[in-house]
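Read off the chains here:
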Amino acid sequence: MVDASVAELADRIRALLGGTDDVEERAMFGSRAFLSEGRILVGARKGGVLLVRVGAERGAVLLTGQGVARAVMGARTMSENWLDVAPEAIADDRALMEWIDLAREDAGAA
């Protein structure tokens, strides 16, 4: 059963992507992941946290922002390529779309 905050954030992501054919949605580890060419771009995680995959250089810079931390999966803290963005930092669709765009920009370079 998916957490209500996961479903809500996944709905927002899906709406912003507008049925884009190049992005696939999958259930993964109790969350919803959105992939491009088999690679995770973003994910909706428990508590309404957005998982974002970016390039290492960009990730290091983004980690200095408020509401941004390295993603933790189980007992493992991920590299700076994997970020958790707090719900407060993606409270409106403009902010959420900015994070999605960052992930899409870096997907081709990663």
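Refer to the preceding data block for the structure.
Because the structure is predicted, anything quoted here is derived from the model rather than measured.

Caption draft 1: Main features of the nonpolar core. Judged by nonpolar contacts, the single largest core of 23 residues is most densely connected at I13, V42, L50, V52 and W99. Counting residues per element, the ones that place at least two in this core are α1 (4-17), β3 (39-45), β4 (49-53), β8 (82-85) and α3 (93-107). Beyond its immediate sequence surroundings of up to four residues, I13 is in contact with F34, V42, A44, L50, L96 and I100. Membership of the second largest hydrophobic core comes to seven residues, among which are I40, A71, M78 and W82.

Caption draft 2: Unusual backbone geometry, seen in detail. The phi torsion at E37 lies on the positive side, around 50°, for a residue other than glycine. Using a relative accessible area of 78% as the deciding quantity, one classes E37 as exposed.

Caption draft 3: Inspection of α3 at higher detail. The first and last C-alpha atoms of α3 sit 21 Å apart over 15 residues, in line with the 21 Å expected at 1.5 Å per residue. For α3, the full list of buried residues reads A95, L96, W99, I100, L102, A103 and D106. Angularly, the buried residues of α3 cover 155° about the axis, an arc narrow enough to put them on a single face. Considering only its buried residues, α3 is in contact with α1, β3, β4, α2 (56-62), β5 (68-70) and β8.

The rules behind the values
- Residues numbered from 1 in each chain as written.
- Predicted model: local features only at pLDDT ≥ 70, side-chain atom pairs only at ≥ 80, totals over all residues.
- Heavy atoms only, no water.
- Core = buried A, V, L, I, M, F, W, Y, C linked by side-chain atoms within 4.5 Å.
- Buried < 20%, exposed > 50% of the residue type's maximum accessible area, 1.4 Å probe, protein only.
- Helix = DSSP H or I, 4+ residues; strand = E, 2+ residues; numbered from the N terminus.
- Contact = heavy atoms within 4.5 Å.
- Expected span 1.5 Å × (residues − 1).
- Arc of directions from axis to C-beta.

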